[in-house]
Amino acid sequence: MTSSREDFCARVVERGEYRNEGEAEHAIRVVLALLGEHLVGTARADLADALPETYAGILRDAGPAAEPLTAERFVRGVGGWIDGATEATAPWDIGAVLSTLVDLAPRDVVDRVVEQLPDGYDLLFGRPTPT
């Protein structure tokens, strides 16, 4: 079962300690759009199904990335699209969004998503892979 857009955004506001819903909304859209560019197939569709429809469309409709981004470059990319964000604060923005998503998505879906992505994304999703 997915949550409402308002509930999802409120969780991100709380976790990201944003001043208002607008800041959280922007972070959500940036993170999901960039993430969606790097996911394919049923894993992307199943992850989108865990989101409120407003956000699911962002994930589903993202065009394919020109090249895969390492986790480090993903962080830099997010930092470049969020006003006031830096490479140091972007993981906070990413964590606020992805931890909220992880709470809603079935574990096996998140595992399939992380398996699709380059090394390091497991940490962004709060699911470190044992070494």
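The structure we're discussing is the one just above.
Residues numbered from 1 in each chain as written. Predicted model: local features only at pLDDT ≥ 70, side-chain atom pairs only at ≥ 80, totals over all residues. Heavy atoms only, no water.

Undergrad: Which residues make up the overall build of the protein chain, and what values do they have?
TA: For the protein chain, the helix and strand inventory stands at eight helices and zero strands. Along the protein chain, helices and strands appear, N-terminal first, in the series α-α-α-α-α-α-α-α. Against the compact-globule benchmark of 14 Å for 131 residues, the protein chain has a radius of gyration of 13 Å, which places it among compact chains. With respect to the three principal axes, the spread of C-alpha positions in the protein chain is 35 × 35 × 30 Å. Carbon and sulfur atoms provide 53% of the accessible area of the protein chain, an area that totals close to 6,900 Å². (Helix = DSSP H or I, 4+ residues; strand = E, 2+ residues; numbered from the N terminus. Rg over C-alpha atoms; globule rule 2.2 N^0.38 Å. Areas by Shrake-Rupley, 256 points an atom, 1.4 Å probe, with all protein chains shown as cover.)

Undergrad: Give me the layout of surface pockets: which residues, what numbers.
TA: Size it by volume and the largest pocket reaches roughly 250 Å³. Lining the largest pocket are 15 residues, and of these Tyr18, Glu23, Ile82, Asp83 and Asp93 sit closest to its centre. Among the elements that take part in the lining of the largest pocket, helix H2 (residues 21–36) stands out by supplying four residues, more than any other. Of the residues in the lining of the largest pocket, the class split is five nonpolar, five polar and five charged. (1 Å grid on protein atoms, 1.4 Å probe; cavity = no way out; pocket = protein on both sides within 12 Å on 5 of 7 lines; lining within 4 Å. Points joined across faces, edges and corners; volume = space filled by probe spheres on them. Nonpolar A, V, L, I, M, F, W, Y, C, P; charged D, E, K, R; others polar.)

Undergrad: Talk me through the packing of aromatic side chains; I want residue IDs and the actual numbers.
TA: All chains considered together, the criterion is met by two aromatic pairs. Relative to Tyr55, the ring of Phe8 lies with its centre 5.4 Å away and its plane at 50 degrees, an arrangement referred to as tilted. One end of the pair, Phe8, is in helix H1 (residues 5–16); the other, Tyr55, is in helix H4 (residues 53–61), with 47 residues separating them in the sequence. Tyr55 matches Phe8 in its accessibility class, with the two residues each being buried. (Phe/Tyr/Trp six-rings, centres within 6.5 Å; stacked < 30°, edge-to-face > 60°. Buried < 20%, exposed > 50% of the residue type's maximum accessible area, 1.4 Å probe, protein only.)

Undergrad: Please set out H4 residue by residue, giving values where relevant.
TA: Of all the positions in H4, only Tyr55, Ala56, Gly57, Ile58 and Leu59 are classed as buried. Buried residues belonging to H4 abut H1, H2 and helix H3 (41–49). (Contact = heavy atoms within 4.5 Å.)

Undergrad: Can you break down the nonpolar core residue by residue, with the values?
TA: Counting residues in hydrophobic clusters, the biggest one holds 46 residues, and the most contacted among them are Leu32, Leu35, Leu47, Phe74, Val78 and Phe125. Among the secondary structure elements, those contributing two or more residues to this core are H1, H2, H3, H4, helix H5 (71–81), helix H6 (90–104), helix H7 (107–116) and helix H8 (121–124). Beyond its immediate sequence surroundings of up to four residues, Phe125 is in contact with Leu35, Leu98, Val102, Val110, Val113, Val114 and Leu117. (Core = buried A, V, L, I, M, F, W, Y, C linked by side-chain atoms within 4.5 Å.)

Undergrad: Let's hear about the side chain of Ser3: which residues, and what values?
TA: The residue Ser3 is located in the segment before H1 in this model. Owing to a relative accessible area of 12%, Ser3 belongs among the buried residues under this scheme. The contact partners of Ser3, leaving out residues within four places of it in the chain, are Phe8, Pro52 and Leu104.

Undergrad: Tell me about the pattern of salt bridges, residues and numbers included.
TA: All told, the structure shown has 12 salt bridges when counted by the stated rule. Here Arg29 makes a salt bridge to Glu25, at a shortest N to O gap of 2.9 Å. On the criterion of helical spacing, the pair formed by Arg29 and Glu25 is a turn pair, its members being four residues apart in helix H2. Since its relative accessible area comes to 14%, Glu25 is described here as buried. Taken together, the shared-partner salt bridges in this structure form one network comprising Arg5, Glu6, Glu21, Glu25 and Arg29. (Salt bridge = Lys/Arg side-chain N within 4 Å of Asp/Glu carboxyl O.)

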